[in-house]
Structures are given as C-alpha cells and as structure tokens.
Amino acid sequence: MRTKYLFGLVVILGALGYLVFGGLGQNLVYFLTPSEYLQDQARYQNRPVRLGGLVKPGTVQYDKDRLELRFVLTDGVAEVPVFHKGTPPGMFKEGQGVVVEGRFQEGVFQGTNLLVKHSESYQAPKAGWTPEEVRKLIEEAK
Amino acid sequence: MLKAAHPERPDALTWAFLGLGLLLLPVGLYLALSAPPDVNQGYLARIMYLHVPGAWLGYLAFFVTFLYSLLYLFRQDPRYDRVALASAEIGLVFMGLALVTGMLWARPTWGVYWTWEPRLTTTAILFAVYVGYFLLRGAIEDPELRAKAAAAVGILGFINVPISYMSVKWWRSLHQTQSIDLTTGKIHMDPAMLQALLFNLFVFTLLYLGFVRLRALVAALEAQKEEA
C-alpha cells in the first residue's frame, strides 16, 4: 500500500518538474520585449500583444485636454513608440517599468491598457512624510 | 494535534494561541498604520501588512494540510484527516484575503484589478484546487473514502505552493519579486516596515495555530455525532 502511494507521488512530482523546468516555461510568456516583437513580427501580426519595457526618459508627452499619452518604450535594444488614450496610472513616470496591451498600427503601438510594474523594494522617503508634516499638509489643503 | 481521543472543549494551548493572537492583533494594526509610507507608493504600500500575512498563511495552511494528508494515508487515523480539513479551510480563507487585498492593491499601483500574469494565475489555480477539495469532501459520504480522496487532493494541490511562490522568478511577470527573498536571504525593505510586517506575520501565525486546533476539535465533535 505505502509503496504504491510513494510511487504515484514520485511520478506526479516528476511530471510537474518537467513541466516547470522543461519546455513549458518558454511558451508561457506574459509579455514580449520590443526587440522580441520586432524580430518575429510576422508571428504577432494582427494579434493583440503585451509589450513590456521601460519608459524612455524624456519621451513622455501627455495631452491633458485630449487624454492622449505618447512615450517611447525601450528594452535597451529596441525602441517602440506607444500611443495610449487615457489617464496614465498614478505610478507612471519616466524610467518606470510598464506593460502595454494593444497592437501595432502603422509603426505605432496603440495601447488599450497600460500597466505599471513596480519594484520589490520598499523604502521610506527621506523627508516630508513624518505624521506631523502630513497633518500639516492636510490642514493647509482645507 | 489533538491528544485526547474524545475532547469536548478546547485545551489550554488552543486558548493561549487564540487569546494571544487576538490580543496582539490591534498592536499589529497599530504598527502597520504607523509604519512609514513607501517612496513610490506612499501609504498604498500598507496593504502589504494584510496582503503578505494572508498569502503566507495560505501557503502555511496548505503545507499543514499536505503533511497531515500524508500522515493520514500512512496511518489511516481520522484525527489526521480532521487536521488536514481544518487547515485547508483556514488556508482557503486567508488565500482569499490575499487575493482580495492583492486586487485592491493592484488597481492603484498596476492600473488594473486583475491580469493573467504568472503569480496571479498560479494563485488562482491554487485557490480553485482547494475549493475543489471541499467540493470533493462534500460529494463523498463514506468517511474513509472521503478522507482518502481528500488526502490525495491535499497532497497534489500543495505542489502549486512552491510553483506559486517561485512564479515571479521563473517567468516574466508583472508582480514584483519577493521583497523578503527566502531563496537568497536578501531583504529589500526599510527596517521599520520589515518590523511591522514580521510582527503581523507572527500575530497571524498565532491566530492560525489557534484556529486550526479549534476547527479540528469542532470536526472531531461532528464526527462523534455522525457515529452516534
């Protein structure tokens, strides 16, 4: 009885290990980098894709009245101009990692959804965030 | 976990875990609310003090279910099955808490409540497997067969826990990698935030220990009634 269970467990663990460390990982890509997309454009033609990379500093243009956001997405190798209609999320800024859902149209990536990737590092601000200072800010705003 | 064959009320240790956990819960809340904000996320980062303990307890509870499911298969003692059941139930509740707080955190930081990225997908699968665990338990009437089938799911379902934990490293994801990385021992967190988080992890773990003992006792009383 016991060896039967152990044998089953080993088989299943082995299969899962193969799935995880074997070929499956390459096919489960949440987003493409701009250079990966440009290398294999035919494969993603007319399909919605997710592109991930950094917002290139100095390229962000945001039209507040028409809610039109333009910036360049880069992975350090290739660069892609992105056009997104809508308000950028609060954490969107230059140099920030972002993932854009959308598709290419005439050389410009038309974003339908803009996601911001934040880092795993949590640090307290140097100054200006002590409870007293925040209370003062709130009182001044009244 | 339960020594007496037919206990009728929680023992001193169960009361101690529950009492201490409930007593320290407001202290954890105070620490969480007085911890400094994050440079980038501001006060939003404080969802972490609920989100991380929720996910941790989900993982821990499913691990305990895994252990007691194995024990049940080897020893065939219904007491082990009851602890596995109790732990899976509590794990499901806390994993649900992690999912909900995660969604509330994702909307203002990432920009969406939900996206099918690796960490979220593996966690959703993990949650679904343990929902299945209870569907299965509800569907089988014979106690022995029920315990055996549940143990199989409790063992296989746990495989998802390390996959879910490592998913942020193995695949490209939107979710940030671990701030307290158990595989490398690196910590990317302000000491004040880390203290508040560790304290909350400790309090939630105490509560889990109390809950699991209490729930296993309730399950034992139910089984006694079923026999009679």
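Anything mentioned here points back to the structure above.
Okay, so let's go over this structure. (Residues numbered from 1 in each chain as written. Chains lettered and ligands numbered in written order. Predicted model: local features only at pLDDT ≥ 70, side-chain atom pairs only at ≥ 80, totals over all residues. Heavy atoms only, no water.)

## Brief notes about the overall build of chain A
How we decide: Secondary structure elements follow DSSP: runs of H or I no shorter than four residues count as helices, runs of E no shorter than two count as strands, and numbering proceeds from the N terminus. Exposure is judged per residue with a 1.4 Å probe applied to protein chains only, and the accessible area is read against the type maximum: over 50% gives exposed, under 20% gives buried, and values in between give partly exposed. Throughout, a residue-residue contact means that at least one pair of heavy atoms, one from each residue, lies within 4.5 Å. Residue exposure ignores everything except the shown protein chains as possible cover, and the areas themselves are Shrake-Rupley values with a 1.4 Å probe.
Along its length, chain A carries five helices and six strands. Helices and strands in chain A line up, N terminus first, as α-α-α-α-β-β-β-β-β-β-α. Sorting the 142 residues of chain A into buried and exposed places 34% on the buried side. At a minimum sequence separation of 6, the contacts of chain A that also span at least 24 residues come to 46%. Carbon and sulfur atoms provide 56% of the accessible area of chain A, an area that totals close to 9,100 Å².

## Details of the interface of chain B and chain A
The condition that has to hold: The term buried area refers to how much accessible surface (probe radius 1.4 Å) is lost by two components on association, counted for both of them together. One speaks of a salt bridge when a side-chain nitrogen belonging to Lys or Arg is within 4 Å of a carboxyl oxygen belonging to Asp or Glu. N or O atoms within 3.5 Å of each other form a polar contact, as long as, within protein, one can give a hydrogen and the other can take it, and as long as residues adjacent in sequence are counted only when both atoms are side-chain atoms. Throughout this entry, Asp, Glu, Lys and Arg are counted as charged residues, while Ala, Val, Leu, Ile, Met, Phe, Trp, Tyr, Cys and Pro are counted as nonpolar. The remaining residues, Gly among them, count as polar.
Between chain B and chain A, the contact holds 38 residues from the first and 39 residues from the second. Roughly 3,500 Å² is buried in total at the junction of chain B and chain A, and carbon and sulfur atoms are behind 63% of that figure. Of all residues in chain B, the largest losses of buried area upon contact with chain A belong to F74, R172 and L174 of chain B, amounting jointly to 19% of the total for that side. The interface formed by chain B and chain A holds one salt bridge in total. For the salt bridge of E36 of chain A with R172 of chain B, the shortest nitrogen-to-oxygen distance reads 2.8 Å. On the surface where chain B and chain A come into contact, there are 12 residue pairs in polar contact (both at pLDDT 80 or more). When grouped by side-chain class, the residues that make up the side of chain B that touches chain A number 22 nonpolar, 11 polar and five charged.

## Remarks on the pattern of salt bridges
All names here are of chain A. Counting across every chain of the model gives 10 salt bridges over all chains. E101 serves as the salt-bridge partner of R50, at 2.8 Å between the closest nitrogen and oxygen. Separated by 51 residues along the polypeptide, R50 in strand β1 (residues 49–55) and E101 in strand β5 (residues 97–105) bring together distant segments of the chain. The class of R50 is partly exposed, set by a relative accessible area of 24%.

## Some words on the packing of aromatic side chains
All names here are of chain B. To be explicit about the condition: Only centres within 6.5 Å qualify two rings of Phe, Tyr or Trp (six-membered ring in Trp) as a pair; their planes then separate them into stacked at under 30 degrees, edge-to-face at over 60, and tilted for everything else. A ring is considered to have a charge above it if a Lys NZ or an Arg CZ atom is located within 6 Å of its centre and within 35 degrees of its normal.
All told, the structure shown has 16 aromatic pairs over all chains when counted by the stated rule. Ring geometry for W170 and W171: centres 5.9 Å apart, planes at 85°, overall edge-to-face. A relative accessible area of 33% places W170 in the partly exposed class. What links up through ring pairs into an aromatic cluster is the set F62, Y130, Y133 and F134. R107 extends its terminal NZ or CZ atom over the ring of Y113, reaching a point 5.9 Å from the ring centre.

## A word on the side chain of D181 of chain B
Residues and elements named next belong to chain B. Residue placement: D181 occurs in the loop between α6 (160–170) and α7 (191–227). By relative accessible area, D181 is classed as buried at 7%. At 2.4 Å, the side chain of D181 and the side chain of K169 are in polar contact. Here T184 takes part through its side chain, which lies 3.4 Å from a polar atom of the side chain of D181.

## Things to note about the pairing of strand β6 (residues 108–117) of chain A
All names here are of chain A. Selection criterion: Two strands are said to pair when DSSP picks up at least two bridges between them.
As paired elements, strand β4 (residues 79–85) and β6 share three bridges and run parallel to each other. Residue H84 lies in a different strand from β6, and its bridge partner there is G111. Sheet topology places β5 next to β6; nine bridges connect them, and they run antiparallel. Pairing of E101 across the sheet is with N113, part of β6. Connecting β5 to the antiparallel partner β6 that follows it, the hairpin turn spans two residues, and E106 within it adopts a positive phi of roughly 50°.

## Observations regarding helix α1 (residues 12–34) of chain B
Residue and element names in this part refer to chain B. Quick note on the threshold: Helix span, as expected, comes to 1.5 Å for every residue beyond the first. Bend is the name given here to the angle between axes fitted to two runs of seven residues, the run ending at a residue and the run starting at it.
For α1, spanning 23 residues, the distance from its first C-alpha to its last is 33 Å, which sits close to the expected 33 Å at 1.5 Å a residue. Along α1, the sharpest kink reaches roughly 30°, centred on L25 and followed within four residues by the proline P26. Those residues of α1 that fall on the buried side of the exposure criterion are T14, F17, L18, G21, G28 and A32. Those residues of α1 that are buried are in contact with α2 (48–75) and α7.

## Section: the nonpolar core
Rules: Here, the term nonpolar core denotes a set of buried Ala, Val, Leu, Ile, Met, Phe, Trp, Tyr and Cys residues that are joined through side-chain atoms within 4.5 Å.
With 36 residues, the main nonpolar core has F62, L126, Y130, Y133 and Y208 of chain B as its most contacted residues. Elements represented by at least two residues in this core include exactly α2, α3 (78–109), α4 (118–139), α5 (143–158), α6 and α7 of chain B. The residues contacting Y208 of chain B, other than those within four sequence positions of it, are L57, L60, A61, V64, S87 and I90 of chain B. Within the second largest apolar cluster, 18 residues are counted, among which are V49, V55, F71 and L73 of chain A.

## A look at α4 of chain B
All names here are of chain B. In a regular helix each residue adds 1.5 Å, so 22 residues correspond to 32 Å; α4 covers 31 Å between its end C-alpha atoms and thus fits that length. Along α4, the positions that sit buried rather than exposed are P118, R119, L120, T122, T123, L126, Y130, Y133 and R137. For α4, the elements touching its buried residues are α2, α3, α5 and α6. Where α4 begins, one side-chain oxygen reaches toward the backbone nitrogen of R119, 2.8 Å away; that side chain belongs to E117.

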